Amino acid sequence: MKKILFIFFMGFFLIFSTLQAKEFKIGVAVALTGKFGKAGNLVKDAYTYWQEAVNKKGGIKVNGKNYPVKLIFYDDKSDPATGAKMIDRLINRDRVDLLLGGFGSSQVFAESAVAEKYGFPLISGAASSNKLFQRGFKYYFSTLGKATEEVKGCVYAFANLKNKPKTAAIVGADILFTSLACEGFKKYCKKNGIKIVHYELFPMRLQDYNSLFMKVKEKNPDVLFVGSHLLVAMRTIKALKEINYTPKGIAFSYGPTVPKFVGDLKGDAEYVVAASEWTPNLPYKGKVLGSAKEFAANYYKKYGRMPDYVEAASAGGAIAQQLAIEALGLTPPLKDRDREKIAKWLHSHTVNTFYGKIKFDSDGANIAHPALAIQIQNGKIKTIYPDNVKDANLIYPMKPWKDR
Amino acid sequence: MKKLLLILIIFVLVASLPLFGIDRYYMRFFTYLFMWIALAGCWNISSGYTGYIDFGPVVYFGIGSYSTAILMTLLKIPFFISIFAGGIIALIISTFIGLPTLKLKGAYFAIATFAFAESMKQIILCFDRTFHVKFFMGSYGITLPICNNYNLFYYLMLLIAGIIVVITFFIEKTRFGLALKAINESEEASQMIGINTTLIKLSAYMISAFFISVVGGIYAYWVTYITPDDVFNVHKTVQMVIMSLIGGMGTLIGPILGATFLSSISEYLGAEFVENYLIIVGIIVVLVILIEPSGLYGLKKWKKYLKQTK
Amino acid sequence: MKIFIQTLINGILIGGVYAAYSAGFSLIFGVMDVINLAHGELLMLGAFTAYWLFKISHIDPYLSIPIAGVLLFLLGYFIQRFLINRVIEKPAIMSYILTFGLHLIIANTAVKLWTHDFRSITTSYSGANFSILGITIPVTRFTTFILAFIIVGFLFYLLEKTDLGRAIRATAQNKKVAQLLGVDVKKIYALTFAIGAAITGIAGASISPFVILFPEMGLSYTIIAFCVVVLGGMGYIPGALIGGIILGVIQALTVTYINAGISVAITFILLFIMLIFKPTGITGKGNV
């Protein structure tokens, strides 16, 4: 019975939507469950926030008329093959006008391949593996920079100090994004003359970090760089405290910007540095979602938490696509050549948003963005690099655990 | 005989679907379905009849994926030869692994096969870095040449699924199948009447390994990008086991029923509510075990029973 | 030299932690021949009991230990009595699959209730550690290490010196004879599972101060429990300690002297080799 009703409604909806087309349908395949379920839900929240803000004003304005946005989310279960399938579904079954990207390099890799095949632009704000940009795709865009470049800010923040660190250890989880982040750390340490005394990747199955960090402690580097997601970052802090090891500085590729990090680790999170591509206090603004500060404040009002940079990057991507639609004067339902126009427009224009300037390079990466670094000071996230946008100075060295 | 005819008819219908122009999404859905029918069917061959619960079949999937990927990218060997080579590699490895592991019973066999699969995954993950080579590419994964031919994968997976069904059919009809079932009933008794249980078990294990590997190779080319975490993932083993179980272990159509059933509810529920889907699968598994261990296949018993009581 | 000793101590400590949460698994297998694939979920529930009591009522996780024990005892009893008991007479595979179904249900219901969030308990003594002769020993881990001995000791006492224990051992050895001698086998099984679950829940609460908690955490712990219990001998309770410590030490040594990736690979290779060559474990006292 349920199946029949389902088919009936699907059919009705399909007919209804092709006749009406008074709205833009945008599809998203994103990890709502599985190991990236947490982060994927952040991306979903970001797109939903953008959608509601746009729809409150009536929708996307094209040629004097307002077209509301409808978002369709499908769970890719943190699995690339499922993600690819969902993109197929969005394009062929739900007949979406456009797409937006999911979370995680592996998933986005598969999803963007399908999108490319159908000529659908895919802008992601939550995947940064270098491999994504090495495929010669014309329809893949990312508001984030490449993983190896994202962490640049962290290294420079330390390297620019008068008493700059001489040695560093680089450790990270052996999965795509984090291993690339470690490559990035290595590249920029070398560029800045910081000697790498230890470089090691570990499988996610590793349960006990103590022995691993004991090795690092023995080599006594000035700074510890960690290629991490939230789980790895949290485990690292706990381990470092237990083995009583405080390097002079720690930087994570991802984790500390998620509110849970400070929330649950409290004082232990203090002085931690992390890579970022956006913070609320930056002097960015755009016409769709206002200024960075306004975005953060409204986001807090809606969700009870501050947005982290992946959420900002995702919303930023949605805006870029919206601006392309508006500039080109395209109305739904979109045709293939409309989408081709959008892709070309995105490649040739720079847009200003609350997320900052977005300019897509020929390979799809966002090159208008400096890599930032933040530090947790007094439980708050402070931008410490680059100098022209920082709102606090890097505190170096860190206070040892025992003295806090 | 009627059963086989029915399957043949469905096979022909399904094979002609692309000619009627079904959309790409459905083609993908069906290709997936055929893949799972093949995989569940392979597991059924090695474990469904003998009752030797293998918890590590995904290792051959991964071996097939990586063999195909490496042969195609490093040695530029054509696709069809690569997947076949992958199958041969799996055949060889399964001989060496099968012999010692099949001596174990029950839980120990299950854990040992699982341990082997996990070992393989971890080795491939850290191999390059430990030995300073650029071979398996670890967490960076391997990117295969792009192939956009939906039809190719549709028919290939359908073909393999078909082959597995045919092999299972022959297993059921021959003494090989009887021997497998006899081993399930009592391995000692089987040995006493002269069945070379080691050879029989190993044969089923190797056949299964070969085809799982071939499917893994096709999968690699289909998804274009593989990582150890994807192709050696224990969740794939879990799927194979559950599909076979829910459909009916040790039967011809059990894996087909189970794969179809699970894929369908996964489609309707799983796209947006995966936790609900997994909870429901868990409940179904529990119910199957408690009420009807022969799975969906066993439901036909109930039909007969209901008919009788009328 | 100091590195070697520190590594060894690290390994022994983590080994104790492994033993603490694997003992329950061993007990259940030893007595009932059931591989409880939902083992990790019992641990997870124990850990979350401590977490929520901490978050909501600010109860120290160590004080939650008895509460976790009681809750998991009841849950374990219920699971055995109404679910697992129905398949105990049937081929063993049914119990694995049943407990696997339970694993799916419990883990995913937990995700629905508590979301995928990663959680951590930070108390005043989090990360506290002390040094002896230059060797650093984390306090919370050490506590769980001691707890492992208490658990094993308790089980040993229970099984060897009490009537209940004798009934359990009798049932484990020969169910039919035990029944003939008047043992209520169903009740014994339920109690055994309940005790195993309670111990696991207690271990879960005790590790909550130093691990990161999330609803799907269970599976990784179940996998380690396999390794520990196979190494030490399935069903042989003191084997959990032996297996745990050996595994912990090997892992620590390989991380320090080779690399982390190899240490994880070796864990599984070791498990595989043990099963092929000596399924009864290093002690040789496992049930086969």
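Keep in mind that this is a model prediction, so the values were computed, not measured.

### Some words on the overall build of chain C
Then step 1. When its secondary structure is counted, chain C shows 11 helices and 2 strands.
Then step 2. Mapped in sequence order, the helices and strands of chain C form the string α-α-α-α-β-β-α-α-α-α-α-α-α.
Then step 3. Along the first, second and third principal axes, the C-alpha atoms of chain C reach 60 × 45 × 35 Å.
Then step 4. Across the 288 residues that make up chain C, the buried fraction comes to 62%.
Then step 5. Across chain C, the fraction of contacts at a sequence separation of at least 24, relative to all contacts at a separation of at least 6, is 79%.

### Considering the overall build of chain A
Then step 1. The number of helices and strands found in chain A is 13 helices and 18 strands.
Then step 2. For chain A, the C-alpha radius of gyration of 22 Å lies close to 22 Å, the compact-globule estimate for 404 residues.
Then step 3. For chain A, the spread of C-alpha atoms along the three principal axes comes to 70 × 45 × 40 Å.
Then step 4. Taking all 404 residues of chain A together, 60% fall into the buried category.
Then step 5. Summarising the internal contacts of chain A: among those between residues at least 6 apart in sequence, 69% fall at separations of at least 24.

### A few points about the interface of chain C and chain A
Then step 1. Taken together, the contact between chain C and chain A spans 29 residues of the former and 32 residues of the latter.
Then step 2. If you list the elements that add at least two residues to the side of chain C that touches chain A, you get α1 (2-32), β2 (135-138), α9 (218-232), α10 (237-257) and α11 (260-277) of chain C.
Then step 3. Broken down by element, the residue count for the side of chain C that touches chain A peaks at 5 residues, all from α1(C).
Then step 4. Each residue belonging to the side of chain C that touches chain A can be placed in one class, and the counts come to 11 nonpolar, 15 polar and 3 charged.

### With respect to the sheet that holds strand β9 (residues 195-202) of chain A
All names here are of chain A.
Then step 1. One open sheet holds the 7 strands; their spatial order is β9-β8-β10-β11-β12-β17-β18, and the pairing between them is mixed. A single partner strand is all that each edge strand has here, and the edge strands are β9 and β18 (380-385). Averaged over neighbouring strand pairs, the angle between their axes works out to 25° when direction is ignored.
Then step 2. Relative to strand β10 (residues 223-227), strand β8 (residues 167-173) runs parallel, the two being bridged by 5 bridges.

### Thoughts on the domain arrangement of chain A
All names here are of chain A.
Then step 1. On domain assignment, one finds that chain A holds domain 1 (20-145 + 281-359) and domain 2 (149-276 + 371-403).
Then step 2. Its C-alpha centre places domain 1 at a distance of 30 Å from the equivalent point of domain 2.
Then step 3. Across the contact, 14 residues belong to domain 1 and 13 residues belong to domain 2.

### Notes on the sheet that holds strand β1 (residues 24-30) of chain A
Sheets are built from strands paired through backbone hydrogen bonds, the pairs being either parallel or antiparallel.
Residue and element names in this part refer to chain A.
Then step 1. One open sheet accounts for 3 strands, arranged β4-β1-β5; its pairing is parallel. Whereas interior strands pair on both sides, the edge strands pair on one side only; in this sheet they are β4 (69-75) and β5 (98-100). On average, each strand axis in the sheet is tilted by 30° relative to the strand beside it, whichever way the strands run.
Then step 2. Alignment of β1 against β5, held across 3 bridges, turns out to be parallel. Paired with Gly 27 across the two strands is Leu 99, which belongs to β5.
Then step 3. Docked against the sheet, helix α2 (residues 37-56) engages β1, β4 and β5, running at close to 170° with respect to β4.

### A closer look at unusual backbone geometry
Then step 1. The residue after A:Pro332, namely A:Pro333, is reached through a cis peptide bond having omega -5°.
Then step 2. Residue placement: A:Pro333 occurs in the loop between α12 (309-328) and α13 (336-348).
Then step 3. One non-glycine residue, A:Lys77, lies in the positive phi region at around 55°.
Then step 4. The topology assignment puts A:Lys77 in the loop between β4 and α3 (80-92).
Then step 5. Accessibility expressed as a C-beta count within 10 Å gives 27 for A:Lys77, which makes it buried.
Then step 6. With phi around 55°, C:His58 is a residue other than glycine that occupies positive phi space.
Then step 7. Positionally, C:His58 belongs in the loop between α2 (39-57) and α3 (61-82).
Then step 8. Residue classification places C:His58 among the exposed positions, given that 8 C-beta atoms sit within 10 Å.

### Observations regarding the interface of chain B and chain C
Then step 1. Taken together, the 33 residues of chain B in the interface contact 34 residues of chain C.
Then step 2. Elements with a minimum of two residues in the side of chain B that touches chain C: α4 (79-101), α5 (106-131) and α13 (274-291) of chain B.
Then step 3. With 16 residues, α5(B) is the largest single contributor of residues to the side of chain B that touches chain C.
Then step 4. The class makeup of the residues in the side of chain B that touches chain C is 23 nonpolar, 7 polar and 3 charged.

### As for the packing of helix α3 (residues 58-74) of chain B against helix α9 (residues 197-223) of chain B
Residue and element names in this part refer to chain B.
Then step 1. Where α3 meets α9, the axes come as close as 6 Å, and the angle between the chain directions of the two elements is 50°. As the angle between them shows, α3 and α9 are arranged oblique. For the pair α3 and α9, the crossing hand works out as right-handed. The segment α3 lies against α9, with Tyr 60, Phe 61, Gly 62, Ile 63, Gly 64, Ser 65, Ser 67, Thr 68 and Ala 69 engaging Ala 209, Ile 212, Ser 213, Val 214, Val 215, Gly 216, Gly 217, Tyr 219, Ala 220 and Tyr 221.
Then step 2. Here the contact of α3 with α9 is composed, by residue class, of 11 nonpolar, 8 polar and no charged.

### Some remarks on the nonpolar core
Then step 1. Counting 363 residues, the largest nonpolar core has A:Leu99, B:Ala38, B:Met157 and B:Val215 as the members making the most contacts within it.
Then step 2. Broken down by element, this core gets its largest block of residues, 17 residues, from α9(B).
Then step 3. Residue-level mapping places this core at the junction of two domains, with at least three residues from each of domain 1 (20-145 + 281-359) and domain 2 (149-276 + 371-403) of chain A.
Then step 4. Excluding residues within four positions of it along the chain, B:Val215 makes contact with B:Met35, B:Ala38, B:Leu39, B:Phe61, B:Gly64 and B:Ile160.

Thresholds applied
- Residues numbered from 1 in each chain as written.
- Chains lettered and ligands numbered in written order.
- Predicted model: local features only at pLDDT ≥ 70, side-chain atom pairs only at ≥ 80, totals over all residues.
- Helix = DSSP H or I, 4+ residues; strand = E, 2+ residues; numbered from the N terminus.
- Buried ≥ 20, exposed ≤ 12 C-beta atoms within 10 Å, placed from the backbone.
- Contact = placed C-beta atoms within 7 Å.
- Rg over C-alpha atoms; globule rule 2.2 N^0.38 Å.
- Nonpolar A, V, L, I, M, F, W, Y, C, P; charged D, E, K, R; others polar.
- Pairing = 2+ DSSP bridges.
- Axes fitted to C-alpha atoms, helices over the stretch in contact; angles between N-to-C directions.
- Domains from an automatic or database assignment.
- Parallel < 35°, antiparallel > 145°, perpendicular 65-115°, else oblique.
- Left-handed = near helix turned anticlockwise from the far one by under 90°.
- Core = buried A, V, L, I, M, F, W, Y, C linked by C-beta atoms within 7 Å.

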